[in-house]
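Chain residues, written in single-letter form:
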Amino acid sequence: MNEERRTVRVSGGGPTRERAFAAALRQVAAAVGRAVDGVCYRVEPLAVEVVSAVEHRWTERFLGLLFPRECRRYELTLRIEVRVAALDPDAIAFTVREERLTPLQHALRMR
């Protein structure tokens, strides 16, 4: 078992601030899994820092003239420090158990 600290940078976007934040947080486990060797079984966030937060606003109109409405989209980039607990599968000693099948069992795919 290895424990280490990593800093990952993730970004997300959505129609609301909450969805943008949730989209960014969903990417944390995948980003840590790519950065760490072995099998990650615990990812614990320690600190969250907002790198950039952008709100895009624009006005849509039906047929270019009618029914104006204001639309928004939020984009968020976070730097998150996490503590990662990973297990190295190469360090595990597996025992080998071999089964021999008779030709009839092999033909019938039975054990």
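Just above sits the structure.
In what follows, the accompanying structure is described. (Residues numbered from 1 in each chain as written. Predicted model: local features only at pLDDT ≥ 70, side-chain atom pairs only at ≥ 80, totals over all residues. Heavy atoms only, no water.)

**Comments concerning the pairing of strand β2 (residues 39-62)**
Sheet topology places β2 next to strand β3 (residues 66-87); 20 bridges connect them, and they run antiparallel. For A47, the partnering residue across the bridge sits in β3 and is E81. The antiparallel hairpin formed by β2 and β3 contains 3 residues in its connecting segment, where L63 sits at a positive phi of about 55°. (Pairing = 2+ DSSP bridges. Helix = DSSP H or I, 4+ residues; strand = E, 2+ residues; numbered from the N terminus.)

**Some remarks on helix α1 (residues 17-26)**
Of the positions making up α1, those classed as buried are A20, A23 and A24. Projected down its long axis, α1 carries its buried residues within an arc of 100°, all on one side. Those residues of α1 that are exposed and aimed more than 90 degrees away from the buried face are E18, R19 and R26. Residues of α1 that are buried in the fold lie against β1 (2-14), α2 (28-35) and β3. (Buried < 20%, exposed > 50% of the residue type's maximum accessible area, 1.4 Å probe, protein only. Arc of directions from axis to C-beta. Contact = heavy atoms within 4.5 Å.)

**Concerning the nonpolar core**
With 15 residues, the main nonpolar core has V8, V10, V28, V32, L78, I80 and V82 as its most contacted residues. Contributing elements (two or more residues each) for this core: β1, α1, α2 and β3. (Core = buried A, V, L, I, M, F, W, Y, C linked by side-chain atoms within 4.5 Å.)

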